[in-house]
Structure formats: structure tokens, C-alpha cells
Amino acid sequence: MTRQRIMAWFAALLMAGALATILPSSPAAAAACATPWNASSVYTGGMTASRNGHNWQAKWWTQGEAPPGTTGVWADQGTCGGGTNPPPGGCNHPNWQAGTWYTAGSIVRYTNGLYYIAEHDNPGYDPIISTWYWDPYTCGGSTPPPSPPPPGGFVVSEAQFNQMFPGRNSFYTYSGLVAALSAYPGFAKTGSDTVRKQEAAAFLANVSHETGGLVHIVEQNTANYPHYCDTSQPYGCPAGQAAYYGRGPIQLSWNFNYKAAGDALGLNLLGNPWLVQNDAAVAWKTALWYWNTQSGPGTMTPHNAMVNGAGFGQTIRSINGSLECDGRNPAQVQSRVSKYQSFVQILGTTPGSNLSC
């Protein structure tokens, strides 16, 4: 090899080394995605799940709160890609997203891995709750995905229910309550047996207080009826100025609550609020809607208050805290607490702590 060729060879090596230090290295591959988050699965501290292209790690016990959540239970572990099984049958429909507008005919993959097709336009209603808007969809196979199993093993038996409400109105049937449970499968089925019984007792104690022991179907003070129409809402009060009075187990009132509950349940309660006083299952569903999704004047839903250990007192705050809590009406608070203590005794468990607000 001549001197000129040797020098050229060394120059090439030096240039290659310089380029290696100048050019950025290829980005590291994204971490493999953990098993997709599932609404029915229980996650304890340290467990991981993937959702929307990210891995998430639970900080403490949780169920039904989709990452990133609102309570801080999920820690973002960064983006992920690959490592999970492809959707069954080669389907490539997007994951359902709450709050995303879907037109009729849209197909989504729900958090349980099953597919649903929008039968009506909707702003991201939950496919397993708002069944008027969504239908199960066959994707990549000849058998349609099964509907979510109906909730079984409700912690309150019919005999216990009758013991709690010996003088109840015949409208409030046990079968109507059980039929309504499918709308919110996490209710009284989250956590330990004690927590499940405590939540059921807390719900029914508040219901008992609101309705005089499941006696009243509608609000008794008719003078209040015209006051529940918020005319500032763009949809107004199509059923009439005085149509949105309290009805059902938690005495649903105001046009905006009828609108929100109806949208969530796939029912036109804004246009036909009388459904709540004429259909026992609808009445129970509106109460469960409030219990599981609304924080009212409180800082958490009554469901979260019970399953996350905040205590019965926070359910009172979320239902009527602005009128009863912080010393405003201690007699009303004690009435709810006493009923709760009675009901947990019927169910054979303890009331826990933080009973008052």
C-alpha cells in the first residue's frame, strides 16, 4: 500500500468517527405497552396499564377511573408502542374517548376490548351506559361481542331491602333497583365486601332521608316547582317552567340535571321528566347517575367517597352539603347518619369513620 493510499485510508476513518460523534443516535424504541386499562379491573399500587399510547402506574387502589383520571391515582410512565396484542380479527377502529363527538355509524373499541357502533350522534357517551346511542358491533368475526354481564350478587338482598323500607311506596321496587344496577356496574361492587356493603348502605340511607323512607316519589312542596327552570341554559325548559321538580330516590331536580342525567342514560328526560316518576328503573338509574358521577357541592362523587375511604360524611356533603354541612343543619345530618348506622347493621358490617360533615 502506497503512502498516499494509507493516508487516505486514515482520513476516511477519522471522518467516519467525526460523523459518529456529530450525528444523533437513533431514538430509543418506545417502551412496550402494558396490558390495556380495563374499567372492570382492580388496580393496586404499583400495577400498570396502558391507555392512549401511554403506560400508567397506579399509586393506590383504584377501579373504574380511566388514566389519567381526576384524583391523581395514575402516574404517567411515558409513551409506549408495541408489545401488546393487536385488536381481534384485524380490526383497526379507534379507542372510544369520552367527550369526543361521534356521528351515527362511528365504530369504537371500548375499554373492555369490545367494539360498539354509534346508532345516534353523541358527544362521547359511554357505550355500556348509554345503550340508546350505542350497539355492540361485530368486528373481525361472525359472533357479535357479548353485552356486559348483568350485575349479580348485589350485597343487599330483597329481604334486607324490605327490612330497611317496611313502609315504602310500592313504586320503589327491589327489582327496579336491581334492573338499574347495570347502568353503573362499579356501584356496590368495588373493593372489599365491607366497602361494598358500606356503599350500598350509604346510598340507601341517603335515599331514605330524601324520600321519607322511599315513600315520596315527587317533591312534596309544590310551591317550589316553578323554581327549578334555569332559563340561562341554551336548551331551556321544553317540558314547561314547573316540570323539573324533585323526583325519584334522590329527588332529581332542575332542568340542567334532567338534561345531564338523560344524556348519560340515553333518555330524553329534558323533554319527558315524568319518566322519573313513572318508571321505577329510570328513577333508580337517575339516583345512581348522581351517586356515581356528580360531586354536587362536595369535592368528590358519593361513590368515590365510599370506595376511597373518605367516609359517609362526604356523601352528605356531595348531596346537600351547602344546606346541611359545616353546622348548617346538624339535625338533618344526624338523621342521615342514624339511618346509615342502622343499614350497615342490617347488612352485617361496620360504618367506618368520618360519618358526619
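Quick note: structure is the one above.
Before going into details, it helps to say that this report is about the structure given with it. Since we're looking at a predicted model, the values are computed, not measured. (Residues numbered from 1 in each chain as written. Predicted model: local features only at pLDDT ≥ 70, side-chain atom pairs only at ≥ 80, totals over all residues. Heavy atoms only, no water.)

### A closer look at unusual backbone geometry
The condition that has to hold: A run of H or I in DSSP becomes a helix once it reaches four residues, and a run of E becomes a strand once it reaches two; helices and strands are each numbered from the N terminus. Under the scheme applied here, a residue whose accessible area is under 20% of the maximum for its type counts as buried, over 50% as exposed, and between as partly exposed, the area being computed with a 1.4 Å probe on protein chains only.
Unusually for a residue other than glycine, Leu214 sits at a positive phi of about 60 degrees. With respect to the helices, strands and loops of the structure, Leu214 is situated in the loop between helix H4 (193-211) and helix H5 (255-265). Leu214 gets classed as buried once you look at its relative accessible area, which sits at 0%. Notably, Trp254 is not glycine yet its phi reads approximately 80 degrees, a positive angle.

### A closer look at the packing of H4 against helix H10 (residues 330-346)
What counts, and what does not: Only the stretch in contact is used when a helix axis is fitted, and all axes are lines through C-alpha atoms; the angle between N-to-C directions ranges over 0 to 180 degrees. Note on angle classes: values under 35 degrees are labelled roughly parallel, values over 145 roughly antiparallel, values of 65 to 115 roughly perpendicular, and the remainder oblique. It is the rotation of the near helix from the far one that decides the hand of a crossing: anticlockwise by less than a right angle makes it left-handed, clockwise makes it right-handed. Residues count as neighbours in contact if any of their non-hydrogen atoms are within 4.5 Å of one another. Charged residues are taken to be Asp, Glu, Lys and Arg, nonpolar residues to be Ala, Val, Leu, Ile, Met, Phe, Trp, Tyr, Cys and Pro, and polar residues to be all remaining types, Gly included.
Contact geometry for H4 and H10: axes closest at 8 Å, N-to-C directions at 135 degrees. For the element pair H4 / H10, the angle class is oblique. By crossing handedness, the relation of H4 to H10 is classed as right-handed. Residues Gln198, Ala201, Ala202, Leu204, Ala205, Asn206, Ser208, His209 and Glu210 of H4 touch H10, and the partners they reach there are Gln332, Ser335, Arg336, Lys339, Tyr340, Phe343 and Val344. Of the residues that constitute the contact of H4 with H10, the class distribution is seven nonpolar, six polar and three charged.

### Examining the state of the cysteines
Heads up, the rule is: Disulfides are defined in this document as cysteine sulfur pairs within 2.5 Å.
Under the defined criterion, the tally for this structure stands at two disulfides. There is a disulfide in this structure between Cys229 and Cys237, and the S-S distance comes to 2.0 Å. Disulfide Cys229-Cys237: torsion about the S-S bond near 110 degrees, hence right-handed. The exposure classification of Cys229 matches that of Cys237, with both residues buried. There is a disulfide in this structure between Cys325 and Cys357, and the S-S distance comes to 1.9 Å. With the S-S bond torsion at -85 degrees, the cross-link from Cys325 to Cys357 turns out left-handed.

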